[in-house]
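What follows is the residue order along each chain.
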Amino acid sequence: MENNTNTEVMPEGTGAPAEINTAAQDSINAGPVTSPESAPAQPAALTYQAKLEQFKTLLEYFVYHLEYLVDEETALNRYANFIKDKKLPYDGKIPEGFRCGNGFIYPYGGLQSRIKDWELFGRDKVVIRVDSRHKPNQSPTTFFLQWNNTARNIKADWEGSKISALYVCSYWEEDEKDTRGLTCTVEQLGLFEDGEPNQELKKFWEAFYSLLAEHKNWVAWYQMTNELHELIANNKNLILTGAPGTGKTYLAKQLACNLVGAQSAKDEQYQSHVKFVQFHPSYDYTDFVEGLRPYNQGGQLGFERKDGSFKALCKAALAAPDENFVMIIDEINRGQVSKIFGELFFALDPDYRGPEGLVETQYQNMVPDGDQFKAGFYVPENVYIIGTMNDIDHSLEPLDFAFRRRFAWREITASERFDAMFIRTKPFAVAPDFVDKVYWYFKRINDQIESDPGFGIAYQVGPAYFLKLKNFVGDQDLNAMSDEDFKKCMDKLWNIHLKPLLAECLKVNNDTSLTLKALEAAYYGTDKKQG
């Protein structure tokens, strides 16, 4: 069964089919955000404190190296730490005729290689770029740091040949300007001072990381929503399939928001234009299309024909032909679709929408005069159907090919939904270190499942199961959680949720050579369970 317990929060203002932020689109075109599919091998784990120390060193190098490129000051200790006896990328000067069309510095001189020891923060990478708006005068004062392939940056305020302050910002292509965030002076950040990173640097790091989380959130929404929107716009009918716990129901509701112009499922526009039903073995034609329903009028019992949920939605769509209406069918293969849809298979076909696809229903002789469908029933052009399902539950009804061919299909994989679901869920949205550690448990067990011929991608464990960690973490500061406490949380997740789930999958699947012990070893990343 699809897991609907995740608490994703849609980015504000993204429900309606509004104009997509072009900065997000530009960053997508520039290259993929680090994702489970393209993630590197698991790096050495960094504690939150270690990340802060690495971030401090990165900023110190960035500040002093750029200042040195401007004035070649060698009297400071910074020179000995960062420049002296180290091979400069390009003799300390921008090459004559230097141009940078794509914004990256390092292909031209190796500057990125100088920060290779400080560039990776978990699965995310910081790069040095140059502001291409200043071509051809690309001096070191136009350099900045950026989360790789995003428009989320750290830039510098200069006073003469010195950097006076750093600030986090997002670049918006349509305005050709930065939206400036937190600004701190070099002194406030405690750069070039002995001792541990101070509170201001901690706030600066968290402000910079929050921009990355915002970007990942938006890109995940942009890519998925636009692909699904195109599919349903061209096909009218769409089924989201995939492993349990991948947020298919959530995506269906957000796609419906997009189609009807609502900001969220709570909007009046959504309530009046979207109908949500969940199929089950007792659900039938009379619930969905029409049927006889009992009534009590003055003590007199009887039966009358009543419209089902789908026919009622179609009538609403006829009354507003310039607006979109959506029927969401959750767990579509849990019901007997042939009995539920009856003679509507023909009318569902995208090529036979409207009066051309008119069919007579089982209760056609009881439809009263004046009813929009007196002559027969058809599906209006402005009605869209979104179904969700997974096909690994052996108790579900198979969908016949006549039904399948009338729908477009999109498999929602566990890996493509991990970042999107965690970034939108409290308390994980502000806990990058915690999420990075969880990710490797998620990746290891799903790689094992996917590689087994008897299981495969449909049996993977969706991110929603890992979101159940919120039941175990309490009010702890997740970024500061000890390794021991983290391990206890992962143990509880395995024993309470994942182990029973996988044991059941193994019980009903005779084609796999995997064992529960092997899956447990993959989860923990060891030959045998630790602890």
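Our structure's up above, just so we're on the same page.
Residues numbered from 1 in each chain as written. Predicted model: local features only at pLDDT ≥ 70, side-chain atom pairs only at ≥ 80, totals over all residues. Heavy atoms only, no water.

**Q** Any chance you could explain the pairing of strand β10 (residues 300-307) here in plain terms?
**A** The side chains of a regular strand alternate between both faces of the sheet. Bridge analysis of strand β9 (residues 290-297) against β10 gives 8 bridges, and the strand direction is antiparallel. Residue pairing in the sheet places P294 in a bridge with F303 of β10. Between the end of β9 and the start of β10, which pair antiparallel, lie 2 residues, with G298 showing a positive phi angle near 60 degrees. (Pairing = 2+ DSSP bridges. Helix = DSSP H or I, 4+ residues; strand = E, 2+ residues; numbered from the N terminus.)

**Q** Would you take a moment to explain the sheet that holds strand β12 (residues 383-389) for this structure?
**A** What links the strands of a sheet is backbone hydrogen bonding, and the strands pair in either a parallel or an antiparallel sense. Strand order in this open sheet of 5 strands is β8-β11-β12-β7-β13, and the pairing throughout is parallel. Sheet topology places β8 (274-278) and β13 (408-412) at the edges, where each strand pairs with a single neighbour. For this sheet the average axis-to-axis angle between neighbouring strands, irrespective of direction, equals 20 degrees. For strand β7 (residues 237-242) and β12, the ladder comprises 5 bridges, and the chain directions are parallel. What sits directly across from L238, in β12, is I386. (Axes fitted to C-alpha atoms, helices over the stretch in contact; angles between N-to-C directions.)

**Q** Looking at this structure, I do not really get the pattern of salt bridges. What am I missing?
**A** Think of it this way: side chains of opposite charge can pair up when their charged atoms draw near. Counted by the stated rule, this structure contains 27 salt bridges. Put simply, D287 and R293 hold a salt bridge, and the shortest N to O gap is 2.9 Å. Residue classification places R293 among the partly exposed residues on the basis of a relative accessible area of 29%. Among the ionic pairs, K443 bridges to D447, the shortest N-O distance being 3.2 Å. One end of the pair, K443, and the other, D447, are both in helix α14 (residues 432-451), 4 residues apart, so they sit about a helical turn from each other. (Salt bridge = Lys/Arg side-chain N within 4 Å of Asp/Glu carboxyl O. Buried < 20%, exposed > 50% of the residue type's maximum accessible area, 1.4 Å probe, protein only.)

**Q** Can you walk me through the nonpolar core in this structure?
**A** In globular proteins that are soluble, nonpolar side chains generally tend to be buried together. Formed by 42 residues in total, the largest nonpolar core has its most connected members in F434, V438, F466, L469, M490, L519 and Y523. Of all elements in the fold, only α13 (414-423), α14, α15 (463-466), α16 (470-473), α17 (483-508) and α18 (516-524) reach the threshold of two or more residues within this core. Residues contacting F466, with those up to four places away along its chain left out, are F422, V438, Y441, F442, I445, V461, M490, L493, L498 and Y523. (Core = buried A, V, L, I, M, F, W, Y, C linked by side-chain atoms within 4.5 Å. Contact = heavy atoms within 4.5 Å.)

**Q** I would appreciate a short explanation of empty space enclosed by the protein in the present structure.
**A** Any empty space left between the atoms is revealed when a probe the size of a water molecule rolls over them. Under the defined criterion, the tally for this structure stands at 3 cavities of 30 Å³ or more. Y209, I423, F428, P432 and V435 are the residues nearest the centre of the largest cavity, which is lined by 14 residues in total. Put simply, the parts of the chain that give the lining of the largest cavity at least two residues each are α5 (199-235), α13 and α14. Across the lining of the largest cavity, the residue classes break down as 9 nonpolar, no polar and 5 charged. (1 Å grid on protein atoms, 1.4 Å probe; cavity = no way out; pocket = protein on both sides within 12 Å on 5 of 7 lines; lining within 4 Å. Points joined across faces, edges and corners; volume = space filled by probe spheres on them. Nonpolar A, V, L, I, M, F, W, Y, C, P; charged D, E, K, R; others polar.)

**Q** Before we go on, may I ask you to explain the packing of helix α2 (residues 48-71) against α5 in this structure?
**A** Between two packed helices, the angle of one axis relative to the other and the distance separating the axes together describe the packing. Close contact between α2 and α5 brings their axes to 10 Å; oriented N to C, the two are set at 90 degrees. Overall, the two elements α2 and α5 adopt an arrangement that is roughly perpendicular. Contact residues: α2 offers Y48, K51, L52, F55, K56 and L59, while α5 offers L201, K202, F204, W205, E206 and F208. Of the residues belonging to the contact of α2 with α5, the class tally is 8 nonpolar, no polar and 4 charged. (Parallel < 35°, antiparallel > 145°, perpendicular 65-115°, else oblique.)

**Q** What is the right way to look at α2 in this model?
**A** Because each turn of an α-helix spans 3.6 residues, side chains separated by three or four positions end up pointing in the same direction. The terminal C-alpha atoms of α2 lie 35 Å apart, and with 24 residues this matches the ideal 34 Å at 1.5 Å per residue to within 8%. With 18 of its 24 residues buried, α2 lies for the most part within the structure. (Expected span 1.5 Å × (residues − 1).)

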